[in-house]
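Survey of secondary and tertiary structure
These are the residues of each chain, in order.
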Amino acid sequence: MRIALIAHDELKDEMVEFVTAHADALGECDLVTTGTTGKRIADETGLAVNRQASGPYGGDLQIGGMIADDEIHGVVFLRDPLTAQAHEPDISALLRVCDVKDVPLATNVASAEMVVDGLLGGD
Ligand SMILES: O=C(CO)COP(=O)(O)O
């Protein structure tokens, strides 16, 4: 199972908390991340991650490409709904390709719990 993990800056603490809480289940997966999110996860949880570019430098598009190639089974993208992002078109493209490919997508912690539970079983 390959899961993508992405968080905007204001949500990175929540992402690290979420990954820590689900470390056993997520540790069984291939984890793909954007650049800074992946560094925080690797440094603070010890889990191995496959880091792509930082979001503003094309990381969302790289992960979107993997989704288009059927290489990702679920996405947790903790978006900041209160801050405008310079790379909003890339973010929209990532969300859109999840819908095009019918890939489970969580954009907040409550739905992330459900996606991880649904894909990986409770832990
Ligand atoms: O900007 C992002 C997603 O749109 C996340 O990128 P970083 O993980 O590099 O901060």
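All values reported here derive from a predicted model rather than from experimental measurement.

**Details of the UniProt feature "binding site: substrate" (unreviewed entry) in the chain**
The UniProt feature table records "binding site: substrate" (unreviewed entry) at His8, Lys12, Thr34, Gly35, Thr36, Thr37, Ser54, Gly55 and His87. Counting through the fold element by element, histidine 8 comes out in the loop between β1 (2-7) and α1 (12-21). Residue histidine 8 is classed as buried on the basis of its 20 C-beta neighbours within 10 Å. When near neighbours in sequence (up to four residues on either side) are disregarded, histidine 8 contacts Leu78, Arg79, Asp80, Thr83 and Gln85.

**Brief notes about the site of the ligand**
The environment of the ligand is made up of Ile6, His8, Thr34, Gly35, Thr36, Thr37, Ser54, Gly55, Pro56, Gly59, Asp60 and Ile91. Only α3 (35-45) and α4 (59-68) provide two or more residues apiece to the shell around the ligand. If one sorts the elements of the shell around the ligand by residue count, α3 sits on top with three residues. Class assignment of the residues belonging to the shell around the ligand gives a composition of three nonpolar, eight polar and one charged.

**A few points about α3**
Within the sequence span of α3, burial applies to Thr37, Gly38, Ile41 and Thr45. The buried residues of α3 occupy an angular sector of 95° when projected down its axis, which confines them to one face. Contacts made by the buried residues of α3 are with β1, α1, α2 (23-26), β2 (30-33) and β3 (50-51). Phi turns positive one or two residues past the end of α3, at glycine 46, with a value near 80°.

**Notes on the nonpolar core**
In terms of nonpolar packing, the biggest core is built from 28 residues, with Ala4, Leu5, Met15, Ile63, Val75, Val76 and Phe77 touching the most fellow members. Of all the elements in the fold, those that place two or more residues in this core are β1, α1, β2, α4, β4 (74-78), α5 (88-100), β5 (105-106) and α6 (109-120). A per-element tally of this core places β1 first, with five residues. Beyond its immediate sequence surroundings of up to four residues, valine 76 is in contact with Ile3, Leu5, Ala106, Ala112 and Val115.

**Description of the confidence of the model for the chain**
Mean pLDDT over the chain stands at 97; residues scoring 70 or higher make up 98%. Confidence estimates for the predicted assembly give a pTM of 0.97 and an ipTM of 0.99.

**Looking at the environment of threonine 107**
Its place among the elements puts threonine 107 in the loop between β5 and α6. For threonine 107, the contacting residues outside a window of four places in its chain are Phe77, Leu78 and Arg79.

Calculation criteria
Residues numbered from 1 in each chain as written. Predicted model: local features only at pLDDT ≥ 70, side-chain atom pairs only at ≥ 80, totals over all residues. UniProt positions renumbered as here; feature names shortened; annotations may be inferred. Helix = DSSP H or I, 4+ residues; strand = E, 2+ residues; numbered from the N terminus. Buried ≥ 20, exposed ≤ 12 C-beta atoms within 10 Å, placed from the backbone. Contact = placed C-beta atoms within 7 Å. Near = placed C-beta within 6 Å. Nonpolar A, V, L, I, M, F, W, Y, C, P; charged D, E, K, R; others polar. Arc of directions from axis to C-beta. Core = buried A, V, L, I, M, F, W, Y, C linked by C-beta atoms within 7 Å. pLDDT = per-residue confidence, 0-100.

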